[in-house]
Amino acid sequence: MDKEIFKKKINTNVLVDGQGYCFDIPNIKTNNIKNYKLKVISENADLKNNVTLFRNKETKEVTLYLKNSRGLFSIKNLVIILYIIVFLVISFYINKKGDKLKINSFLLLMLVYILSILFIYPPLENPDEPSHMHSSYNLSQNLFKADETTEIVVPDSVDCLNYSKIQYLDRVTNFEAVAYCLEQSDSNKTVNHLFGSSNKVTYSVLGHTPQAISIGLADQVSDSPLFIFYFAKLGNFVLAFVILYFAIKMAPKGKNILLFVGVLPMFVQQITSLSYDALLNSLALLYTAYIIKIYNQKEKIMMRDIIIPTIFLLVSITVKVVYVPLAVLLLFIPQDKFRNFKQYLGFMACIVGLVLVGNYIIRDVLFVAESVVDVRFDNQLNYLLKSPFDIVSIGINTLVRNSVFYLRGIVGYFGWFRFCLSDFTVMSCFMMLGILAISEKEVIKFSNKSSKIDYKKIIVVISILLSIGAIFLSMYLFWSTYKLEYVDGVQGRYFIPLIPIIVVLLSPKINKIKFNQVNLYSFINILLLQYVIYAITFFY
């Protein structure tokens, strides 16, 4: 049994914010410090009576923070209870409607949770959101000159948006600061940086366009930093959600797969943020839906059937070029879908030409992309070329070190990687993806000919692996330190655009199981409730 050697009561009401309170603890043997335990009990704590025990001297980051104790009927708990009631109502409705509840109607029902996430997250609490805000603001004011300047005009009180202290506290502890940030700013100021970020808008222009338009509109009617920020997020979300809605509606097969990927908590986090991932991920689903439609339609292919998905792909690769290999799905459309071989060749040439010319116009004409090739890139590339066998060990080390991190990041590793869903929930989501895959009969059929080996499908799988490899290679060349033994900087969310295609390719030629639609709806209802509660309890 532990022996108590010292006990002290402290009234935190008399302490001064930001100042330490020191006291001596007698009878401590410093050479055996690991054998001691520190126990802190907060009695009757409230918003004015709480304590931070330790901070890093250099970064001031909280090491141990004793949170406020709140009663059962605190505002936060009442909000959580309200969401539980909403969950029960939705559950009742799902079971009452059964299989008659259409997928798109269910998706609209999930807006209760998805829109909540948009407003629950404090400003800047999504990865790289300060950078996305600066780029979007820049584009809204400088348009075609946004690749040349970083100077923008913002409300004088714009710094108030960081009231949750990102990567420091990541908590909303002062609601007076929120109210202040909602107020109109008295004046404007010209800045080159927002929250330490100074990004010129180049190849990411299309990914930041919805946010830029929203900021431009909000800026005309208000100088409230908080209003402008959330209006930009809302504009970004509306476009992404509409794309998601029509992707599910359009697909003749694989609707459940598209729905489930579209409501994965990580997908939801990104489409409710300022990130260009909102457009990128939703377009990935729409591109997949269009591919499914083309491969399953009985009518002969028209020019629009080729141009529309090619444009979706073009927008995606101008934001992140690593997804270029997905074009293989267009190039492998069965020849019997065309009127003749000449039309087939013409359409294939059209795809290649549109991707190359469109990419050139956006990257090198309208917005000149700055070269990101620097000394680090040259050194890393020379190292890999001189030591090609090290690539294998780097790959193995990366997977051993970060595989679990990537899996969590695909489903739900939130904010600045500060909180995540349980591993049980993560694995349940992957199991659900597998069940959905085998419950669909051959969503994409590359050929009508019966063959033991589907070479086109094999090449598509290789193209997806090339995309995955390109993600790792780019992060090793541009982000990882010189000769690092693993790839640094890769996040699970980078693979989300590939997930729908991967799951669709797993669909067998014969249905393996019969899936109950109500089970899927109930699973998603539980999943999103869990995400909302996690977000509330973490940020507030």
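Rules of the game
- Residue indices begin from 1 for each chain and proceed along its sequence in written order.
- Only residues with pLDDT of at least 70 get local features here, since the model is predicted, and only at 80 or more are side-chain atom pairs given and counted; chain-wide, interface and lining totals rely on the full set of residues.
- Excluded from the side-chain calculation are hydrogens and water; included are all heavy atoms of the structure.
- Salt bridges, as used here, are contacts in which a Lys or Arg side-chain nitrogen is within 4 Å of a carboxyl oxygen on Asp or Glu.
- Strands here are runs of E lasting at least two residues and helices are runs of H or I lasting at least four, both read from the DSSP assignment and numbered beginning at the N terminus.
- We call two N or O atoms a polar contact when they sit within 3.5 Å, provided that within protein one can donate a hydrogen and the other can accept it, with sequence-adjacent residues counted only if both atoms are side-chain atoms.
- Residue contacts are counted whenever heavy atoms from the two residues lie within 4.5 Å of one another.
- The criterion for a disulfide is a pair of cysteine sulfur atoms lying within 2.5 Å.
- The rule is short: rings of Phe, Tyr and Trp, with Trp giving its six-membered ring, pair when the centres are within 6.5 Å, and they are stacked under 30 degrees, edge-to-face over 60, tilted in between.
- Relative accessibility thresholds used throughout: buried, under 20% of the residue-type maximum; exposed, over 50%; partly exposed, between the two (1.4 Å probe, protein chains only).
- Comment: axis = line fitted to C-alpha atoms, over the contacting stretch for helices; angle = value between 0 and 180 degrees taken between N-to-C directions.
- For classification purposes, angles smaller than 35 degrees are called roughly parallel, those larger than 145 roughly antiparallel, those between 65 and 115 roughly perpendicular, and all remaining angles oblique.
- Here is the rule for handedness: rotate from the far helix to the near one, and if that takes an anticlockwise turn smaller than a right angle the crossing is left-handed, while a clockwise turn gives right-handed.
- Each residue gets one label: Ala, Val, Leu, Ile, Met, Phe, Trp, Tyr, Cys and Pro are nonpolar, Asp, Glu, Lys and Arg are charged, and the others, such as Gly, are polar.
- Put simply, a nonpolar core is a bunch of buried Ala, Val, Leu, Ile, Met, Phe, Trp, Tyr and Cys residues held in one set by side-chain atoms that sit within 4.5 Å of each other.
- Each patch is built from salt-bridge-free residues with over 30% relative accessible area, joining like charges within 9 Å and nonpolar side chains (Val, Leu, Ile, Met, Phe, Trp, Tyr) within 5 Å.
- Each accessible area is a Shrake-Rupley estimate made with a 1.4 Å probe; only the visible protein chains count as cover when residues are assessed.

Peer 1: Talk me through the pattern of salt bridges; I want residue IDs and the actual numbers.
Peer 2: Applying the stated criterion across every chain yields a total of 6 salt bridges. The partner of D170 in a salt bridge is R418, with the nearest N and O atoms 2.6 Å apart. Taken as a pair, D170 in the loop between β3 (152–155) and α5 (175–182) and R418 in the loop between β5 (413–414) and β6 (419–420) lie far apart in primary sequence, 248 residues in all. Three or more residues are tied together by salt bridges with common partners; here these are D128, D277, K320 and R493.

Peer 1: Let's hear about the side chain of Q491: which residues, and what values?
Peer 2: Relative to the assigned elements, Q491 resides in the loop between α17 (455–478) and α18 (499–505). In terms of polar contacts, Q491 uses its side chain to reach the side chain of R493, at 2.6 Å. When neighbours within four sequence positions are excluded, Q491 is seen to be in contact with F405, Y406 and F417.

Peer 1: Report on the state of the cysteines, specifying residues and quantitative values.
Peer 2: Formally, a disulfide is one covalent bond, and it connects the sulfur atom of one cysteine to the sulfur atom of another. Scanning all chains against the criterion turns up 1 disulfide. Covalently, C160 is tied to C181 through a disulfide, its sulfur atoms 2.1 Å apart. Taking the sign of the S-S torsion, 75 degrees for the link of C160 and C181, the bridge is right-handed. Of this pair, C160 sits in the loop between β3 and α5 while C181 is found in helix α5, placing the two residues 21 residues apart along the sequence.

Peer 1: Hey, could you go over the packing of aromatic side chains for me, with residue numbers and the actual values?
Peer 2: Per the stated rule, a full pass over the model turns up 24 aromatic pairs. Here F414 and F419 contribute two aromatic rings whose centre-to-centre distance is 5.2 Å and whose plane-to-plane angle is 45 degrees, an arrangement assigned as tilted. For the pair F414 and F419, a shared accessibility class is recorded, and that class is buried. Here F414 and Y531 contribute two aromatic rings whose centre-to-centre distance is 4.3 Å and whose plane-to-plane angle is 20 degrees, an arrangement assigned as stacked. Of this pair, F414 sits in strand β5 while Y531 sits in helix α19 (residues 517–539); the two residues are 117 residues apart in sequence, bridging distant segments of the chain. Taken as a pair, F414 and Y531 share a single burial class, namely buried. An aromatic cluster of at least three residues, connected via ring pairs, comprises Y121, F414, F419, Y531, F538 and F539.

Peer 1: Any chance you could break down the packing of helix α16 (residues 423–438) against α19 for me, citing the residues and the numbers?
Peer 2: At a closest axis distance of 12 Å, the pairing of α16 and α19 adopts a crossing angle of 155 degrees. With respect to each other, α16 and α19 are oriented roughly antiparallel. The handedness of the crossing between α16 and α19 is left-handed. Facing α16, whose interface residues are T425, S428, C429, M432 and L436, α19 presents L520, F523, L527 and Q530. Its residues assigned to classes, the contact of α16 with α19 comprises 6 nonpolar, 3 polar and no charged.

Peer 1: Can you explain the nonpolar core? Please cite residues and give values.
Peer 2: Counting 146 residues, the largest nonpolar core has Y113, M133, L259, F260, Y323, V490 and I524 as its most contacted members. Ignoring any residue separated from it by four or fewer positions in sequence, one finds I524 in contact with F106, M110, L259, F260 and V263.

Peer 1: Could you give an account of the packing of helix α15 (residues 390–411) against α16, naming the residues involved and the relevant values?
Peer 2: Where α15 contacts α16, the two axes come as close as 10 Å, and the packing angle between them is 75 degrees. The angle between the axes of α15 and α16 places the two elements in the roughly perpendicular class. Between α15 and α16, the residues in contact are L407, R408, I410 and V411 and D423, V426, C429 and F430, respectively. Class assignment of the residues belonging to the contact of α15 with α16 gives a composition of 6 nonpolar, no polar and 2 charged.

Peer 1: With reference to specific residues and values, describe a nonpolar patch on the surface.
Peer 2: Nonpolar side chains collect at one region of the surface, where L182, I213, L217, V221, F227 and F231 lie side by side and expose about 560 Å² of accessible area between them. Counting residues per element, the ones that place at least two in the nonpolar patch are α6 (205–221) and α7 (225–250). Broken down by element, the residue count for the nonpolar patch peaks at 3 residues, all from α6. Take F231: it is sitting in helix α7. When its relative accessible area of 31% is taken as the criterion, F231 is described as partly exposed.

Peer 1: Pulling in residues and values, what's your account of the side chain of N126?
Peer 2: Counting through the fold element by element, N126 comes out in the loop between α3 (111–120) and α4 (129–142). Excluding residues that lie within four positions of it along the chain, N126 makes contacts with Y121, K233, Q269, Q270, S273 and W416.

By themselves these figures say nothing about function.
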